[in-house]
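Listed here are the chains, written in short residue letters.
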Amino acid sequence: GQMETSKWIDMFDLDAHVNTIRECYKKRRAVMLETLAKELPEPCTFTRPEGGLFAWVVLPEYMNAKDLQMKCLEKKVAFVPGGSFFPNGGHDNTLRLNYSCMPEEQIVQGIIATIILYALPELLRGFANYRMLIYAIVLIIMMLFNWAPAARDWRARMVEKFKGKKAKKEVA
């Protein structure tokens, strides 16, 4: 096995291949982080890795990444629930995203589909506000008809509107 590996390395420019892969992963990481920054609603957070192959997402504590994963797999969107990375348990609201194996456009589509179709309605459960649920349904319909840019703009306006109403109630 070692001789075959050595022969393969001698036949091909391994350093050039590693540089090509490194640039590809760097671009995909940038796309994933940019999309998460634009699309991931509060109070969700994510890491900004400087290397490697993964980004880590933390959802609100009442959300379960395994439940979200089952819904996403039905639409061929995959991620790894983060709870299994903690030997003492817990952290069921975390997930690990891999940016090495999908082209940039699929990374964007997967994140948007996950957030708008699955995570956003679950996040809204935490608000216990039916008006926001109606907004989420409208967003889902917009996404199904491939109106992604309009859906993102409309969602941003509705979230800001909701935040303003919530702030007024807290002051009162």
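Everything that follows concerns the structure shown earlier in this document.
Residues numbered from 1 in each chain as written. Predicted model: local features only at pLDDT ≥ 70, side-chain atom pairs only at ≥ 80, totals over all residues. Heavy atoms only, no water.

*Asks:* Give me the overall build of the protein chain: which residues, what numbers.
*Replies:* When you go through the protein chain residue by residue, the secondary structure sums to 6 helices and 4 strands. Scored against the burial criterion, the 172 residues of the protein chain give a buried share of 34%. Intrachain contacts of the protein chain at a sequence separation of at least 6 include 59% that bridge at least 24 residues. Element-wise, carbon and sulfur atoms account for 58% of the exposed surface of the protein chain, whose accessible area totals about 11,400 Å². (Helix = DSSP H or I, 4+ residues; strand = E, 2+ residues; numbered from the N terminus. Buried < 20%, exposed > 50% of the residue type's maximum accessible area, 1.4 Å probe, protein only. Contact = heavy atoms within 4.5 Å. Areas by Shrake-Rupley, 256 points an atom, 1.4 Å probe, with all protein chains shown as cover.)

*Asks:* Which residues make up the nonpolar core, and what values go with them?
*Replies:* Generally speaking, soluble globular proteins have nonpolar side chains that are buried together. Core analysis: the biggest nonpolar cluster contains 22 residues, and Met32, Leu36, Val57, Leu59, Phe79, Leu95 and Leu97 have the highest contact counts within it. Sorting the residues of this core by element identifies helix H2 (14–39), strand E2 (54–58), helix H3 (65–74), strand E4 (94–98) and helix H4 (104–127) as the ones contributing at least two each. Looking at which element gives the most residues to this core, the answer is H2, with 4 residues. Not counting residues up to four positions away in its chain, the partners in contact with valine 57 are Leu36, Leu40, Thr45, Phe46, Asn93, Thr94, Leu95 and Leu97. (Core = buried A, V, L, I, M, F, W, Y, C linked by side-chain atoms within 4.5 Å.)

*Asks:* Tell me what's going on with the side chain of threonine 35, and back it up with residues and numbers.
*Replies:* Summarising the element assignment, threonine 35 is placed in helix H2. In this structure threonine 35 comes out as buried when scored by relative accessible area, which is 7%. Setting aside anything within four residues of it in sequence, one finds threonine 35 in contact with Leu40, Val108 and Ile111.

*Asks:* Describe the packing of aromatic side chains, naming the residues involved and giving the relevant values.
*Replies:* Note on aromatic pairs: each is described by the distance of the centres and the angle between the planes. Throughout the structure, instances matching the rule amount to 3 aromatic pairs. For the pair tryptophan 8 and phenylalanine 12, a centre-to-centre distance of 5.2 Å together with 45 degrees between the ring planes defines the contact as tilted. Relative to phenylalanine 85, the ring of tryptophan 56 lies with its centre 5.6 Å away and its plane at 75 degrees, an arrangement referred to as edge-to-face. Taken as a pair, tryptophan 56 in strand E2 and phenylalanine 85 in the loop between strand E3 (80–81) and E4 lie far apart in primary sequence, 29 residues in all. Since its relative accessible area comes to 37%, phenylalanine 85 is described here as partly exposed. Within the aromatic cluster, the residues linked to one another by ring pairs are Trp56, Phe85 and Phe86. (Phe/Tyr/Trp six-rings, centres within 6.5 Å; stacked < 30°, edge-to-face > 60°.)

*Asks:* Describe the pairing of E4, with residues and values.
*Replies:* Strand direction decides the pairing type here: E2 and E4, joined by 5 bridges, are antiparallel. Across the sheet, the residue bridging to phenylalanine 54 is asparagine 98, located in E4. Relative to E4, E3 runs antiparallel, the two being bridged by 2 bridges. Its bridge partner lying in E4, valine 80 is registered against arginine 96. (Pairing = 2+ DSSP bridges.)

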